[in-house]
Amino acid sequence: MKTASLIPHDRALSSRRARFNPIRHLTPDALVRMLDAFHAGELRTASLAWEAIEQRDDVVKAVATKRKKAIGRFGWEIETFDDSEEAKRHRAALEFFYRQLTATHACDLNESGGFSLLVRQMMDAVGKRYAVHEIIWKPLHVTGSEDNPAMPRTLLTAELRFVPLWFMENRTGALRFLESDNATEGKPLDKDGWLISTGDGLMEATAIAYLFKHLPLRDWLVYCERNGMPGVRGVTDAAPGTPEWEAAKDAVRDFGAEFHALMSRGTEIEAIDLRGSGELPYPALVDRMDKAIATLWRGSSMGTVVDSGAGISLQGKETALIEREDAQHIAGTLHTQLDRTVLRYLFKTEQPRARIVIRHKESGLSAEELDTARDIVSTAIPRVIANLTRRILGKPEQPQDQ
């Protein structure tokens, strides 16, 4: 069981200094090469590009942050598989482990937290397909355990260091650690020394939407720059080169317009209108890509879509479903890769009798039950209001359906 980090400080420091901006001149061809390389196992360029997009695009930043932080708010608990004494000991050991663990960042020493930060870091896999933590185990001797045979002689907690995906390669189908930025072949990851989270990899589609958004957005900005300020045309009777001409030229220039001209009376200039007719195509395309990004991450666009028949917010239903699945997936990853290791080390068992559970805010009901409840409420409320109105007006109430 690994009790010291395998990532030297200078490795993280050199990575920070050597980082580049892969989206500065992003083109469709460059993006295709990044995505193809990612699927071939070369993760560095694509993961750096995805990180930059996630930090710099306003819509991606908003929806990705909401998705990552949602699960950390739900809280967690340890549930047992039965009422045996063994299950109770397993629960106590896991509760101690999760309450004492520390989550940090291999490249940002200022980032430190507990379980909520760990979950948020694991949720990075939703965008980038994988999220990797190095596990530094910390066995703790329990004083007085000799007097209580039911208590293990040691308890276990850990520091989990989030390792950016560009530290890894996946050429063999299994993530391997790159010891330098120039390395192409990585070192295999010890099963009990690393926590590997997986996700949908939404940043691949998000990066495509980002590119199709920022290309027209850039053209839109150029259009505004060229056509947003009217030109100024000055006309004078002075001859070119005379003091009067120069004074008129200075006046036109000082007016502040980007496009200006001075000419003698009788000279004509023809304006070429580059604005076109009708609505500009840029806003609609930018809005279309923003909605696509929001739908990818949150289940529907940023605006609430309402089902007129039942009055149900489709956005709310999709978001709740996504959050429920995220919570179950994170809990399953923790149980498989952390719970089992902790209990194997402390109790020498391959059959855990307890596991971590992340409680979703709607965990008490299934998705089908929630839909049924919403339908009943949306149908009953108008009837109650109608009967109350009839009672106030002294009219007979409508009969209830049996």
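You'll find the structure just up there.
These notes cover the structure that comes with them. What you see as residue numbers is a count from 1 along each chain, following the sequence as written. In keeping with the predicted nature of the model, local features appear solely for residues at pLDDT of at least 70, side-chain atom pairs appear and are counted solely at 80 or more, and the whole-chain, interface and lining totals rest on all residues. Heavy atoms from the whole structure form the basis of all side-chain values; hydrogens and water molecules are not counted.

1. Quick notes on the overall build of the protein chain
And then number 1: Across its full length, the protein chain holds 12 helices and 14 strands.
And then number 2: With 402 residues in all, the protein chain has 40% of them scored as buried.
And then number 3: We call two residues in contact whenever any of their non-hydrogen atoms come within 4.5 Å of each other. Long-range contacts, defined as pairs at least 24 residues apart, comprise 70% of the intrachain contacts of the protein chain with a sequence gap of at least 6. Secondary structure is summarised from DSSP: a helix means a run of H or I of at least four residues, a strand means a run of E of at least two, and numbering begins at the N terminus for each. A 1.4 Å probe rolled over the protein chains alone gives each residue an accessible area, and that area as a share of the maximum for its type sets the label: buried under 20%, exposed over 50%, partly exposed in between.

2. Structural notes on the sheet that holds strand E3 (residues 112–113)
And then number 1: Here, a strand pair is defined by DSSP locating no fewer than two bridges between the strands. Pairing is mixed across the open sheet formed by 5 strands, whose spatial order is E3-E2-E5-E4-E9. The two strands at the open ends of the sheet, each matched to only one other strand, are E3 and strand E9 (194–198).
And then number 2: Sheet topology note: the strand E4 (residues 130–141)/strand E5 (residues 154–163) ladder contains 10 bridges and is antiparallel. Across the sheet, Ile135 pairs through a bridge with Leu160, a residue of E5.
And then number 3: In this analysis an axis means a line fitted to C-alpha atoms, helices contributing only their contacting stretch, and an angle means the value between N-to-C directions, from 0 to 180 degrees. Running at roughly 150 degrees to E4, helix H6 (residues 115–122) makes contact with strand E2 (102–105), E3, E4, E5 and E9 of the sheet.

3. Points about the environment of Thr341
And then number 1: Assignment of secondary structure puts Thr341 in helix H11 (residues 314–347).
And then number 2: Expressed as a C-alpha distance, the spacing of Thr341 and Asp192, which sit 149 residues apart in the sequence, is 6.9 Å.
And then number 3: For Thr341, the contacting residues outside a window of four places in its chain are Met1, Trp137 and Asp192.
And then number 4: At a separation of 3.1 Å, a polar atom in the side chain of Thr341 contacts the main-chain carbonyl oxygen of Gln337. Counted as a polar contact is a pair of N or O atoms within 3.5 Å, where, for protein atoms, one must be capable of donating a hydrogen and the other of accepting one, and residues adjacent in sequence contribute only when both atoms are in side chains.

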